[in-house]
Amino acid sequence: MKFSKIFVTFVFLTLTFSALPARSQSINSCVASAKIGPLAAEKILALGRAKNVARQAAEAANGGLNNYRAENSMHGPVEQVPCKDNGDGTWTFTFQGTAPGDSTPIVESVVTVNSQTFKVTVDRNTRL
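Scoring rules and cut-offs
Residues numbered from 1 in each chain as written. Predicted model: local features only at pLDDT ≥ 70, side-chain atom pairs only at ≥ 80, totals over all residues. Heavy atoms only, no water. Helix = DSSP H or I, 4+ residues; strand = E, 2+ residues; numbered from the N terminus. Buried < 20%, exposed > 50% of the residue type's maximum accessible area, 1.4 Å probe, protein only. Contact = heavy atoms within 4.5 Å. Areas by Shrake-Rupley, 256 points an atom, 1.4 Å probe, with all protein chains shown as cover. Expected span 1.5 Å × (residues − 1). Disulfide = S-S within 2.5 Å. Pairing = 2+ DSSP bridges.

1. Quick notes on the overall build of the protein
Logical step 1: The secondary structure content of the protein amounts to 3 helices and 5 strands.
Logical step 2: The linear arrangement of helices and strands in the protein, starting from the amino end, is α-α-α-β-β-β-β-β.
Logical step 3: Counting all 128 residues of the protein, 37% fall into the buried class.
Logical step 4: Looking at the protein alone, contacts between residues at least 24 apart form 49% of all its contacts between residues at least 6 apart.
Logical step 5: Accessible surface for the protein amounts to roughly 7,400 Å². Of this, 59% is attributable to carbon and sulfur atoms.

2. A look at helix α3 (residues 40–61)
Logical step 1: Its 22 residues place the ends of α3 31 Å apart at the C-alpha level, agreeing with the 32 Å of an ideal helix rising 1.5 Å per residue.
Logical step 2: Two residues or fewer after α3 comes Gly63, characterised by a positive phi angle close to 90°.

3. What about the state of the cysteines?
Logical step 1: Tallying each qualifying case throughout the model produces 1 disulfide.
Logical step 2: Bridging Cys30 to Cys83, the disulfide has an S-S length of 1.8 Å. Taking the torsion about the S-S bond as the criterion, the Cys30 to Cys83 disulfide, at about -70°, is left-handed. On the criterion of sequence distance, the pair formed by Cys30 in helix α2 (residues 29–34) and Cys83 in strand β2 (residues 83–85) is long-range, its members being 53 residues apart. Residues Cys30 and Cys83 agree in their burial class; the two are buried.

4. What to know about the pairing of strand β4 (residues 105–114)
Logical step 1: Alignment of strand β3 (residues 90–98) against β4, held across 9 bridges, turns out to be antiparallel. For Phe95, the partnering residue across the bridge sits in β4 and is Ser109.
Logical step 2: Connecting the antiparallel pair β3 and β4 is a turn made up of 6 residues, with Gly101 showing a positive phi of about 80°.
Logical step 3: Relative to strand β5 (residues 120–127), β4 runs antiparallel, the two sharing 7 bridges. Within the sheet, the bridge partner assigned to Ser109 lies in β5 and is Asn125.
Logical step 4: Hairpin geometry of β4 and β5 is characterised by an intervening segment of 5 residues between the two adjacent antiparallel strands and by a positive phi of about 65° at Phe118.

The following block contains the structure:
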């Protein structure tokens, strides 16, 4: 069981870090801090979960998927996510969203997620 968890984590991290072109591998503060320490793999996985929770909170706050789509960075690798490590165990994601099928942003959302409990707070949801 433990071997399979380690193997899955290794495969996930390998795909995550090697799937990006070199110019896209700028590290946001969340990824930089998650890579520090002996639990880096678990932190990176938690960051991916937090990204999804933040996106889903913004989707709910904006009327669901029939009305709103978060920007592409919120669907991709964690290295591309607009995220700030707050230094207190929370991560804040700031991203824009569009109407389905459109490319013009209509809303900017700021969502904070606790890295341990995954409690989510929509700090701001501003129409553009």
